[in-house]
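Per-entry structural report
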Amino acid sequence: MATTYTKEQNTLFPIVLALVGAAATGVLWAYANPIQLVPGVIQWRIFAFLPCLIGILLGPRSGFICGYLGTVIWSLLAGTFIPAHSLIIDGIAVGLTGFIPGMLFDPARTSMSRGTLVKIALVCLLVGLGMVVVVSASLAYLGIFPFLWALTYLGLSDVVPMVIGTPLLVIPALKILKSAHPGGFTRF
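What comes next is a walk through the structure. Note that the coordinates shown come from a computational prediction; the quantities given were computed from them, not determined experimentally. (Residues numbered from 1 in each chain as written. Predicted model: local features only at pLDDT ≥ 70, side-chain atom pairs only at ≥ 80, totals over all residues. Heavy atoms only, no water.)

A contiguous nonpolar patch, built from Leu76, Phe81, Leu87, Ile88, Ile92, Leu96, Ile100, Met103 and Leu104 and spanning about 780 Å² of accessible area, is present on the exposed surface. Broken down by element, the nonpolar patch gets its largest block of residues, seven residues, from helix H4 (residues 83-104). For Ile92, a relative accessible area of 39% puts it in the partly exposed group. (Patch = residues over 30% accessible without salt bridge, like charges linked within 9 Å, V, L, I, M, F, W, Y side chains within 5 Å. Areas by Shrake-Rupley, 256 points an atom, 1.4 Å probe, with all protein chains shown as cover. Salt bridge = Lys/Arg side-chain N within 4 Å of Asp/Glu carboxyl O. Helix = DSSP H or I, 4+ residues; strand = E, 2+ residues; numbered from the N terminus. Buried < 20%, exposed > 50% of the residue type's maximum accessible area, 1.4 Å probe, protein only.)

Following this line, the structure appears as C-alpha cells:
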C-alpha cells in the first residue's frame, strides 16, 4: 500500500531541517574557517550563506531559526559569546539574513532563472550589508572592535560568501530537497 503525503502532514520537515542547519552553521562557523581575517576575532566564514539558503528553500522562519541559533551555537563554540550582543543584536541580525530572502523567494512560486539568481545575490548583498552595519555598531558600542574595522572585516567574512554561495547553491540544494521529500512540504 502506497503512502500519500499532503503538505499539511509535512510541516515538521522544514523545522527539523532548520534545526539541523542551525547546528551545522554553528559548528562550521566555529571550526571550518580557513582564513583568519583578524585572528581570534573575525574569520572568513565560507558557510555564511547557510541561513539565506535555508530561508529560501525551507521558508523565512526556518531561515531565521538557522541564522539565530547558528550564531548562538557558533559564539558558544568559538568562545565569543557576549550575552547582550550574541543573543540580541548578532542573533537577530543574522536571523534576518535567513528570514528576508525566505520571504522574498519561494521556489514553488518563483522560477529559478538566471534573473532570479541575480536578484537573490542582490538581496543577499543588501541584507548582508544591513546585518554587518548593525553588528559592527554593536561591537563598537560595546568597545570590542572599532566600527569601520568591524564593518570592513565582517563585510568580507560574511557578505561575500552570502552573495556568491546562495545563488550558486540554491538550485542544486532544491533538487536534493525535492528528491529527499518528493511529496512536498509546507515551508515554515
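Once that is clear, we can look at the nonpolar core. Ranked by size, the top nonpolar core spans 39 residues in total, and within it Leu57, Met112, Ile120, Met131 and Val170 carry the most contacts. If you list the elements that add at least two residues to this core, you get helix H1 (12-31), helix H2 (50-58), helix H3 (60-78), H4, helix H5 (114-141) and helix H6 (147-180). Residue contributions to this core peak at nine residues, all from H5. Once residues lying within four places of it in the same chain are set aside, the contact partners of Leu57 are Pro107, Val170, Ala173, Leu174, Leu177, Phe185 and Arg187. (Core = buried A, V, L, I, M, F, W, Y, C linked by side-chain atoms within 4.5 Å. Contact = heavy atoms within 4.5 Å.)

Before going further, it helps to spend a moment on the environment of Leu148. Inspection of the secondary structure puts Leu148 in helix H6. Leu148 sits in the exposed class, given a relative accessible area of 60%. Taking the C-alpha atoms as reference, Leu148 lies 7.7 Å from Ser136; in sequence the two are twelve residues apart.

Under the definition given, this model contains three aromatic pairs. Between Phe64 and Tyr68, the ring centres sit 5.9 Å apart and the planes meet at 15 degrees, which makes this aromatic pair stacked. Of this pair, Phe64 and Tyr68 both sit in helix H3, four residues apart, which is roughly one turn of that helix. According to the relative accessible area criterion, Phe64 is partly exposed, its value standing at 26%. Between Trp149 and Tyr153, the aromatic rings sit 5.8 Å apart at their centres with planes inclined by 15 degrees, giving stacked as the arrangement. Placement of the pair is Trp149 and Tyr153 together in helix H6, with a separation of four residues, close to one helical turn. (Phe/Tyr/Trp six-rings, centres within 6.5 Å; stacked < 30°, edge-to-face > 60°.)

For the coordinates displayed, the defined rule picks out three salt bridges. Of the charged contacts, one joins Arg45 and Asp158 as a salt bridge, the two residues approaching to 2.5 Å between their closest N and O atoms. With Arg45 in the loop between strand E2 (42-43) and H2 and Asp158 in helix H6, this residue pair connects regions lying 113 residues apart in the sequence. By relative accessible area, which is 6% here, Arg45 ends up buried. Residues Arg187 and Asp106 are paired through a salt bridge, measuring 3.6 Å at the closest nitrogen-oxygen approach. With Arg187 in the segment after H6 and Asp106 in the loop between H4 and H5, this pair connects stretches of sequence that are 81 residues apart. Side by side, Arg187 and Asp106 carry an identical accessibility label, which is buried. What you see here is one network of salt bridges that share partners, running through Asp106, Arg109 and Arg187.

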